[in-house]
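Given next are the chains, with one letter for each unit.
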Amino acid sequence: MGTGKLIVIAAPSGSGKTTIVKRLISEISLNLGFSISATSRDKRENEVDGKDYHFLSVNEFKKKISLNEFVEWEEVYENNFYGTLKSEITSLNNSGKNLIFDIDVIGGLSIKKAFPENTLTIFIQPPSLKELESRLRNRGTESEEKIKMRISKASKEMTMSVLYDHSVENNNIEQTVAKIKSIINNFI
Ligand code: 5GP
């Protein structure tokens, strides 16, 4: 592992996390490269394989688990595996960048455990579960059943925010990005 820092941004699904991560990456001064996770979930229409995720079949994903190719992986939702490949960290680190992870709450803690010295963990709090539910519905990418699943997972995840280095409430995207930017700047 090189000298780059690892920045974990974790939050319940629908908290505005992906937007925040994209904004942070566009801040040139932070020198951030996106850690592209592998997943076995279906690709959404606007997503690009190898850019948003490495999309794998469940079998391909399980093969990589058995070959010990992941730093961490999780069955985030039933049959929907997500994980960080060791090769992703090596290649981004070699590029001289700091890595940013858009990852689930438990996965974020696993990254910290694997690289305790170099990792900063930031938890994004949605304003409320009700707001989270309405964001998920407005996004319109998930079925009703999947929305329910995500809400139930979110309420469990919110209790884990205390295990993170920082917890930031996302009421206003501009303020949230500015706050996180300053936390990252202090760390790197
Ligand atoms: P989505 O299906 O909405 O893209 O992601 C669902 C959840 O899986 C999100 O909380 C996302 O951050 C998380 N996730 C994405 N990549 C990884 C990963 O590599 N590892 C883990 N543990 N979770 C991930």
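Let me begin by describing the structure that accompanies this report. (Residues numbered from 1 in each chain as written. Predicted model: local features only at pLDDT ≥ 70, side-chain atom pairs only at ≥ 80, totals over all residues. Heavy atoms only, no water.)

## Description of the site of the ligand
And then number 1: As a structural note, the neighbourhood of the ligand is formed by 17 residues, with K17, R41, Y53, E72 and Y82 the closest of them.
And then number 2: The side chain of S37 places a nitrogen or oxygen atom 2.7 Å from an oxygen atom of the ligand.
And then number 3: R150 places a side-chain nitrogen or oxygen 3.0 Å from an oxygen atom of the ligand.
And then number 4: Relative to its unbound accessible surface of 510 Å², the ligand loses 95% to contact with the protein.
And then number 5: Mapped by element, the contributors of at least two residues to the shell around the ligand are β5 (70-77), β6 (80-85) and β7 (98-103).
And then number 6: If one sorts the elements of the shell around the ligand by residue count, β5 sits on top with four residues.
And then number 7: Taken together, the residues of the shell around the ligand break down into five nonpolar, four polar and eight charged. (Near = heavy atom within 4 Å. Polar contact = N/O pair within 3.5 Å; in protein donor to acceptor, adjacent residues only side chain to side chain. Areas by Shrake-Rupley, 256 points an atom, 1.4 Å probe, with all protein chains shown as cover. Helix = DSSP H or I, 4+ residues; strand = E, 2+ residues; numbered from the N terminus. Nonpolar A, V, L, I, M, F, W, Y, C, P; charged D, E, K, R; others polar.)

## Remarks on the sheet that holds strand β1 (residues 6-10)
And then number 1: Read from one edge of the open sheet, five strands run β2-β7-β1-β8-β9, paired in parallel fashion. Edge positions in the sheet fall to β2 (32-34) and β9 (166-169), since each of these pairs with one other strand and no more. Going across the sheet, the axis of each strand differs from the next one's by a mean of 25°, ignoring polarity.
And then number 2: Where β2 and β7 come together, three bridges link them in parallel fashion. By the bridge assignment for β7, L32 is matched with N98.
And then number 3: Against the sheet, helix α7 (residues 173-187) contacts β1, β8 (119-125) and β9, and its axis sits at roughly 165° relative to β8. (Pairing = 2+ DSSP bridges. Axes fitted to C-alpha atoms, helices over the stretch in contact; angles between N-to-C directions. Contact = heavy atoms within 4.5 Å.)

## Some words on the environment of Y82
And then number 1: Summarising the element assignment, Y82 is placed in strand β6.
And then number 2: Expressed as a C-alpha distance, the spacing of Y82 and M160, which sit 78 residues apart in the sequence, is 19 Å.
And then number 3: If we ignore the near neighbours within four places in the chain, the residues touching Y82 are A38, T39, R41, Y53, F61, W73, E74, V76, Y77 and R150.

## Some remarks on unusual backbone geometry
And then number 1: The backbone phi angle of N31 is positive, close to 50°, even though this residue is not glycine.
And then number 2: With respect to the helices, strands and loops of the structure, N31 is situated in the loop between α1 (17-25) and β2.
And then number 3: On the basis of relative accessibility, which here comes to 31%, the residue N31 falls in the partly exposed class.
And then number 4: Phi angles above zero are rare outside glycine, and N68 is one such case at about 60°. (Buried < 20%, exposed > 50% of the residue type's maximum accessible area, 1.4 Å probe, protein only.)

## Comments concerning the nonpolar core
And then number 1: Residues I7, I9, L24, I100, I122, I180 and I184 are the most contacted members of the largest nonpolar core, which totals 17 residues.
And then number 2: Among the secondary structure elements, those contributing two or more residues to this core are β1, α1, β8 and α7.
And then number 3: Ranked by the residues each element gives to this core, the list is headed by α7, at four residues.
And then number 4: The contact partners of I180, leaving out residues within four places of it in the chain, are I9, I20, L24, I122, I124 and V168. (Core = buried A, V, L, I, M, F, W, Y, C linked by side-chain atoms within 4.5 Å.)

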